[in-house]
Amino acid sequence: MPLPRRFHCTEVKTIKKITITDVALQAGVSVTTVSLVLSGKGRISATTVERVNRAIEQLGYVRNRQAATLRGGDSGVIGLILRDICEPFYAEMTAGLSEVLEANGKVLFLTQSGREGQGLMRCFDTLLQHGVDGMVLAGGLRSVSGLREKAEEQGVPLVCAARSNGLEGVDVVRPDNMQAAKMATELLIKRGHSQIAYLGGQSDSLTRAERLGGFCATLVQYGLPFRSEWIVECDCQQQAAAQAAEQLLRQYPNISALVCHKASVALGAYFGIVRSGRGIGSEGMDSFYGQQVALIGFGDVPEAALTQPPLTLVSSSAREVGRSAASRLLQRIQQRDLPPQDVILPPSLIPRGSV
């Protein structure tokens, strides 16, 4: 005997939750604009605010209580955009940044834009949607056109950390790349080297351009030759650097020293030198080309102390870059009308056995 209809399984109708994206589509604006209207931040026209509120009412969107608390502009969250957290310099810089922010009751919200910075605007909009109090842009993010204007419009302070090309009118905290290259090149020259090559980095890197500027200026200062074929681009991965160093030394065996764009390039070059049949260091300079290649790079990683001989490096403290960037952003949040600063941190030599 069939069961009465009322005992059959109930047909459940799923009710779709209305999201901020739905509101944006209904109002014909961006998700970021809706987020700003909800949080009360930024400079949004009265017409746009009315359109967003009308869409909220029409769709029955439930306002996020957390977003409502952001109207005072104090979410306690700071956004960070960098390309790749796996890069040792930026990992260390992030640690310094977080250290200062946490001591001041702030939490760091980390985003990665990708190795080429292709996801920069996506990261930027995501951080805005989470109501951050300010943002730190780290590293060589290339597509930054209009970013400062958008940040100002939406009331979010910016600080650039470890960027060679700080945005106009935005605080910058960065290493002195040109001075670091001068220091490295001069050390090699004073150790008796006159045939010096530069290895690593890409031609569109402004950090590389600054370091090359210091490298070339020092060669000229000491009356040494500059040869464009000894300025070699390569990926900063160790395998690519090893191949590039080996090829360069086989083609130009009179090269006696390499200045490397990063510590990772220097580590790769170490193996490339060994593969080419040469040794590492400055000993034996009076023999045929010395059969030795001096090696120096920029930055520092723990592995640099494990090679034989250990690698000499010139480094600016990544952690100090992070600390300084955090301190400046906290000042900027409290005083929006402060004039922009360009804070340049000096490099220091880490002497080991490869020079």
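Note that this is a predicted model, so its numbers are computed, not measured. Each chain carries its own residue numbering, running from 1 in the written order of its sequence. The predicted origin of the model limits local features to residues at a pLDDT of at least 70 and limits the giving and counting of side-chain atom pairs to 80 or more, whereas totals for whole chains, interfaces and linings rest on all residues. Think of the side-chain values as coming from all heavy atoms in the structure, minus any hydrogens and water.

### A closer look at the environment of Ala 91
Note the following rule: Going along the chain from the N terminus, every DSSP run of H or I of four or more residues is numbered as a helix, and every run of E of two or more is numbered as a strand. In this scheme, a residue with accessible area under 20% of its type's maximum is buried, one over 50% is exposed, and one in between is partly exposed, where area comes from a 1.4 Å probe on protein chains only.
Within the secondary structure, Ala 91 is located in helix α5 (residues 88-103). The partly exposed category is assigned to Ala 91, whose relative accessible area is 34%. Taking the C-alpha atoms as reference points, Ala 91 and Gly 322, separated by 231 residues in sequence, lie 9.8 Å from one another.

### Quick look at the sheet that holds strand β3 (residues 134-138)
Within a beta sheet, neighbouring strands are joined by backbone hydrogen bonds and run either parallel or antiparallel to one another. Keep this limit in mind: Criterion used throughout: strands pair if DSSP finds at least two bridges between them. Only the contacting stretch of a helix is used when fitting its axis, a line to C-alpha atoms as for every element, and angles between N-to-C directions run 0 to 180 degrees. In what follows, a contact means two residues having at least one pair of non-hydrogen atoms within 4.5 Å.
The 6 strands lie next to each other as β2-β1-β3-β4-β5-β12, forming an open sheet whose pairing is parallel. Each edge of the open sheet is held by one strand with a lone partner, namely β2 (107-112) and β12 (342-345). On average, each strand axis in the sheet is tilted by 20 degrees relative to the strand beside it, whichever way the strands run. The strands touched by helix α6 (residues 120-129) within the sheet are β1 (77-82), β2, β3 and β4 (158-161), with β1 carrying the most contacts at an inclination of about 175 degrees.

### What about the nonpolar core?
Rules: In this text, buried Ala, Val, Leu, Ile, Met, Phe, Trp, Tyr and Cys residues form a nonpolar core when linked through side-chain atoms within 4.5 Å.
Core analysis: the biggest nonpolar cluster contains 29 residues, and Leu 199, Ile 255, Leu 258, Cys 260 and Leu 295 have the highest contact counts within it. Contributions of two or more residues to this core are made by β6 (196-199), α10 (238-251), β8 (257-260), α11 (263-275) and β10 (292-298). When residues in this core are grouped by element, the largest group, 7 residues, is from α11. Sequence-distant contacts of Ile 255, that is, excluding residues within four places in its chain, are made with Gln 195, Ala 197, Trp 230, Leu 248, Leu 249, Arg 278 and Val 293. Ranked by size, the runner-up nonpolar core spans 23 residues in total, among them Ile 78, Leu 80, Ala 326 and Leu 345.

### Some thoughts on the environment of Ser 256
Residue placement: Ser 256 occurs in the loop between α10 and β8. Put simply, Ser 256 and His 193 are 63 residues apart on the chain and 6.4 Å apart in space, counted from C-alpha to C-alpha.

### Quick word on the packing of α5 against helix α12 (residues 318-334)
Applied cut-off: For classification, angles of less than 35 degrees are called roughly parallel, those exceeding 145 degrees roughly antiparallel, those between 65 and 115 degrees roughly perpendicular, and all remaining angles oblique. Two helices that cross are described as forming a left-handed crossing if the nearer one is turned anticlockwise from the farther one by less than a right angle, and a right-handed crossing if clockwise. When residues are grouped by polarity, Ala, Val, Leu, Ile, Met, Phe, Trp, Tyr, Cys and Pro land in nonpolar, Asp, Glu, Lys and Arg in charged, and all others, Gly among them, in polar.
At a minimum axis separation of 6 Å, α5 and α12 run at an interaxial angle of 40 degrees. With respect to α12, the element α5 is oriented oblique. Seen from above, α5 lies across α12 with right-handed handedness. Contacts from Phe 89, Glu 92, Met 93, Ala 95, Gly 96, Leu 97, Glu 99, Val 100 and Leu 101 in α5 reach Ala 318, Arg 319, Val 321, Gly 322, Arg 323, Ala 325, Ala 326, Ser 327 and Leu 330 in α12. Along the lines of polarity and charge, the residues of the contact of α5 with α12 split into 11 nonpolar, 3 polar and 4 charged.

### Examining helix α3 (residues 46-59)
Quick reminder of the rule: By this rule, a helix spans an expected 1.5 Å times one less than how many residues it contains. Summarising the geometry, the arc corresponds to the directions from the helix axis toward the C-beta atoms.
Here α3 spans 20 Å end to end across 14 residues, near enough to the 20 Å set by a 1.5 Å rise per residue. Thr 48, Val 52, Ala 55 and Ile 56 are the residues of α3 that are buried. Within α3, the buried residues cover an arc of 100 degrees as seen down the axis, which keeps them to one side. Away from the buried face of α3 by more than 90 degrees, exposed residues Ala 46, Thr 47, Glu 57 and Gln 58 are located. Backbone geometry just downstream of α3 places Gly 60 in the positive-phi region, at approximately 75 degrees.

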